[in-house]
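# Fold and contact review
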Amino acid sequence: MSRVRQPPLVTGISPNEGAPWTKVTIRGENLGTGPADLIGLSICGHNCLLTAEWMSASKIVCRVGPAKDNKGQIIVCTKSGGPGTSTVSFKVLKPERIGILDQSAVWVDEMNYYDMRTDRNKGISPLSLRPANPLGIDIDKGKVPHKDLEGMFPGMSGDFTSENFSATWYLIENHSSTSFEHLRTAAGHLKKQATQKNEGSLAYVKGGLSTFFEAQDALSAIHQKLESDGTEKVEGSMTQSLENILNRASDTADALFQEVLGRKDRADSTRNALNVLQRFKFLFNLPLNIERNIHKGEYDVVINDYEKAKSLFGNTEVPVFKKVYEEVETRIGALRSLLLGKLLETPSTLHDQKRYIRYLSDLHASGDPAWQCISAQHQWILQLMQNARDQQEGEARTVVSRLNFRRGSSFQTPRDDSWPGGGPQQLQFVERLTDVVISQLPNFWKLWISYVNGSLFSETGEKSGQVEKSKKNARQRQSDFKRMIEEVVQRLVLLLRGCLLPTSLPEIQLRLYGGWDNTPPLSGAHLTQAIHTIRLCHEALSALEIPNDLLQVIQDMLLELRVHCLLTTLQHTTEGVKRLADREDWIVDNEGITSLPAQFEQCVVQMLQSLKEPLECKPNEISILQLEAIQDQASELFVRIMKVFIGCLEELSMKTEGDLETSHISSDLSSPDLFSNTYEDFKPTPEQRLLIILSNCHYLEKHTFLNLAHHLETHGFTGTEHILSVSMEAVRKLDAGVFESYIELKADPIVGSLEPGIYAGYFDWKDCLPPTGVRSYLKEALVNIITVHAEVFSISKELVPRVCSRIIEAVAEEMSRLMQCVSSFSKNGALQARLEISALSDAISVYLTSESRGSFKQALEPLPQLHSGADKKLLEELLNKFKSSMHLQLSCFTPASSHPVKR
């Protein structure tokens, strides 16, 4: 006994409302076991079985018929379950009926609008109906050549749309390696497709059955009417009348509907126009959008829109499209001109330059915008360099005019602080010029590198081959760019030479790049600063990896500038040393040295320290001290500096008392028993000045010159032995001259007083009384020597032995001469002469030299020898008496009196 199934139950319908003939999907439970089991289907009371398509036990698809009820249930009836029930309902929407003459507005979907009048004769390609993969499995193209397949299947084809289709060919060509299981699945898929196609055709027929039946009923009624009339056999009677009536109805309809049909045609035209505008509104709005985006600066958007329009309408033959596209091209041409103007506009940043070049490249601008930009930047850099020079000249003329107006006289050299900025005009120009090069040339070089490697272009430019074209152009223009760099560097060097090294330029170039005649020459310190600035500029350019051969002219100029700075510094130092004589204050320290030697040494040391930058060798530079000619010039200038200072000492030694201002001599001696006071408000005498000069000369020889030689060697100067030897010779020569002048001033009065003192009171060596002691002339001579000793000791104890020995030599020589001039001596005369000579030699024995001892020995030779013991005793007593009476005075001649002097 068969099992009774449950009745059908409808639980859903989609959509749940609609006009007649709306396709709906019914869902529920127990809707049948198959298409044959479905025996009834009604929606809102209308039978829809003819349009029903059973899908499954829970799904049925059908079309709603012209039901009388507006809303009703969905009832399904099956053989196995009988009539069913429904939990949902469907609402039939009654369409608004529009009269034949009523106007109506219906919006047609233009995207799917199809004009039958224009496309009615266009056929549809069979390929468009061909399924891509009829079997529904992956296609695996075999390796069998097409020619072999033609040989295997002559007259056949693997195209399943062909009349000569061969399934074997198709399988070999597309599924040669597909497994049997996959082919079985594909066969099932193909069978299912065929079934669905047949069912779809049947559904289509079912959907039109009601219309077909209505038309058949109308024709049957007409046929019955004609038969009942009985006039169908009369040819033309009723049929002809019907035809006439239909023709008149047609004419009347045409007359009635002409206006309506005209409006329809116009509406169709309007819809077509709106459809065109809607589909191509991008093109029609593009000119205005381009204008707006240009004003906003959104050039990327403009380029993207242009590329899109070009790809869509670049080759169009439609007149309206061509007209709009021509307007687009006009706007794009204006944009190209605008971007090119911005590209060539100066000043501009490297980022903006690259951006504009990329824009012009994407817009397919004519020519080579990148090279045009490089050329413009080259001219701009040259113009900036010229502007720097013109600006500096204008400031110089302003300053000179202001100074002349204030002073009301001929031009005087302005001080450094008279120039704008407080520095020399040349130095300001060097900084301004190098700033131009450092700020502009790196971007210029980077722009060229980007041009060479093609990084200026976008992906669009790379796809269009512009990168390779750019690289090719760059290779062809390498020599041109090299000339640009050479011109910029050469212009920089010429302007710097005209400012700092005008003598290195020929007359023609000097007129073009010089013009610094009214400015004072730079000092060594300013030249050092200029060297530092130019080196920074060279380092900045070297960091860009610019070839060294292009920068060699800067290196050559730096070498000449360093040499010029060295020689200028030495020459200015010579002038400064000359002025040291005016700074002599004659204040001596404990060793009798004034501050002048220390000032001289400090001046030279500071000069050497200021030369550290010019003498230093940077990478790829050579040492200027390795150049033999420069070393010789520097040595001669150093010798000149030494000689100039020695000349200052000589000048000071020859000044008269009227040339000197009141000064102070400070003597901090450690002998309080001898000198307890410091002489203040002391005006140095010519003799004291000579002693100070001698002391300074001694210090120069023993200390200063040796220290300076060490400093010269430390800074890399060669030839110090020559400099030292020449300087030593010059200072010794001055020392000897000054010493002789002082000895002449001091020894001559003492020596000149001996002879008158000896023969004072008509003294006669032949007739004189027995000696009672040393006579006054000798004591006066000793006091004079002591005075000289004290004067020298107050200046420098180091000079005491030298001065005293030289004076005593003169005194001893004079005593020897006087004694040898005496024809004969009496006993008392000989004893008196021996007493005085012995007293003098014993008193100054510490300062006796071989020359003075010889002179005293020669003085005693003319005297008779003492044979009497009483005479010897008397001589000894008188000598002791002399030494005792002058013990205090003679104590300065003892070695114990020469205590070391502390600073």
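These remarks concern the structure in this document.

Conventions and cut-offs
Residues numbered from 1 in each chain as written. Predicted model: local features only at pLDDT ≥ 70, side-chain atom pairs only at ≥ 80, totals over all residues. Heavy atoms only, no water. Helix = DSSP H or I, 4+ residues; strand = E, 2+ residues; numbered from the N terminus. Buried < 20%, exposed > 50% of the residue type's maximum accessible area, 1.4 Å probe, protein only. Contact = heavy atoms within 4.5 Å. Areas by Shrake-Rupley, 256 points an atom, 1.4 Å probe, with all protein chains shown as cover. Polar contact = N/O pair within 3.5 Å; in protein donor to acceptor, adjacent residues only side chain to side chain. Expected span 1.5 Å × (residues − 1). Bend = angle between axes of the 7 residues up to and from the residue. Phe/Tyr/Trp six-rings, centres within 6.5 Å; stacked < 30°, edge-to-face > 60°. Lys NZ or Arg CZ within 6 Å of the ring centre and 35° of its normal. Axes fitted to C-alpha atoms, helices over the stretch in contact; angles between N-to-C directions. Parallel < 35°, antiparallel > 145°, perpendicular 65-115°, else oblique. Left-handed = near helix turned anticlockwise from the far one by under 90°. Nonpolar A, V, L, I, M, F, W, Y, C, P; charged D, E, K, R; others polar. Patch = residues over 30% accessible without salt bridge, like charges linked within 9 Å, V, L, I, M, F, W, Y side chains within 5 Å. Salt bridge = Lys/Arg side-chain N within 4 Å of Asp/Glu carboxyl O. Core = buried A, V, L, I, M, F, W, Y, C linked by side-chain atoms within 4.5 Å.

Moving on, we come to the overall build of the protein. Scanning the protein for helices and strands turns up 30 helices and 11 strands. Here the protein holds 903 residues, and 41% of them are scored as buried. Look at the contacts in the protein between residues 6 or more apart in sequence, and 74% of them connect residues 24 or more apart. Accessible surface, the protein as shown: approximately 50,700 Å² in total, 52% of it carbon and sulfur.

We now examine the side chain of Thr 316. Relative to the helices and strands, Thr 316 is located in the loop between α9 (299–313) and α10 (319–344). Polar contacts involving the side chain of Thr 316 include one to the main-chain amide nitrogen of Val 318, which spans 3.2 Å. Discounting chain neighbours no more than four positions away, the residues touching Thr 316 are Phe 321 and Lys 322.

Turning our attention to helix α23 (residues 686–714). Taking 1.5 Å as the rise per residue, α23 with 29 residues should run 42 Å; its terminal C-alpha atoms sit 39 Å apart, in good agreement. Its axis deflected by about 50 degrees at Leu 700, α23 carries its strongest bend there. Looking one or two places after α23, you find Gly 716, whose phi comes out positive at around 90 degrees.

Bringing the packing of aromatic side chains into the picture now. Under the definition given, this model contains 15 aromatic pairs. Ring plane angle 90 degrees and centroid distance 4.8 Å describe the contact between Phe 763 and Trp 765, whose orientation is recorded as edge-to-face. Like Trp 765, Phe 763 is buried. Taken together, Trp 371, Phe 444, Trp 445, Trp 448, Tyr 451 and Phe 481 form an aromatic cluster joined through their ring pairs. Across from the ring centre of Phe 763, 3.8 Å away, lies the NZ or CZ of Arg 775, which sits over that ring. A cation over an aromatic ring shows up here: Arg 802 above the ring of Phe 739, its NZ or CZ 4.1 Å from the ring centre.

Here the focus is the packing of α23 against helix α25 (residues 776–795). For the pair α23 and α25, the least separation of the axes is 9 Å and the interaxial angle reads 50 degrees. Relative to α25, the element α23 lies oblique. In this structure, α23 crosses over α25, and the sense of that crossing is right-handed. In this structure, α23 contributes Glu 687, Gln 688, Leu 691 and Ile 692 to the contact, and α25 contributes Glu 791, Val 792 and Ile 795. For the contact of α23 with α25, the residue count by class is four nonpolar, one polar and two charged.

Next up on the list: a nonpolar patch on the surface. Taken together, Leu 50, Phe 212 and Phe 213 make up a surface patch of nonpolar side chains, about 300 Å² in accessible area. Relative to the helices and strands, Phe 213 is located in helix α6 (residues 209–229). Accessibility expressed as a relative area gives 38% for Phe 213, which makes it partly exposed.

Time to look at the nonpolar core. Counting residues in each nonpolar core, the largest one holds 109 residues, and the members touching the most others are Phe 600, Phe 717 and Val 803. At 15 residues, the largest contribution of residues to this core is made by helix α24 (residues 720–758). Those residues in contact with Val 803 that sit more than four places away from it in its chain are Leu 691, Phe 739, Tyr 742, Ile 743, Val 788 and Val 792.

Let us now look at the environment of Phe 444. Tracing the backbone shows Phe 444 in helix α13 (residues 425–453). With 70 residues separating them in the primary sequence, Phe 444 and Ile 374 have C-alpha atoms 7.0 Å apart. Here Phe 444 is in contact with Ile 374, Gln 377, His 378, Ile 381, Phe 481, Met 484 and Ile 485, once residues within four sequence places are set aside.

Here we come to the pattern of salt bridges. Across all of its chains, the model carries 25 salt bridges by this definition. The salt bridge involving Arg 802 is made with Asp 735; its shortest N-O contact spans 2.5 Å. With Arg 802 in helix α26 (residues 800–821) and Asp 735 in helix α24, the pair connects residues that are 67 residues apart, well separated along the chain. You can call Arg 802 partly exposed: its relative accessible area is 33%. We note a salt bridge from Glu 791 to Lys 746, for which the minimum N-O separation is 3.3 Å. Of this pair, Glu 791 sits in helix α25 while Lys 746 sits in helix α24, placing them 45 residues apart in sequence. For Glu 791, a relative accessible area of 14% gives the class buried. Take Lys 746: its relative accessible area is 18%, and that puts it in the buried class. Because the salt bridges share partners, they merge into one network encompassing Arg 535, Arg 562, Glu 613 and Glu 621.

These figures come from the coordinates and say nothing about function on their own.
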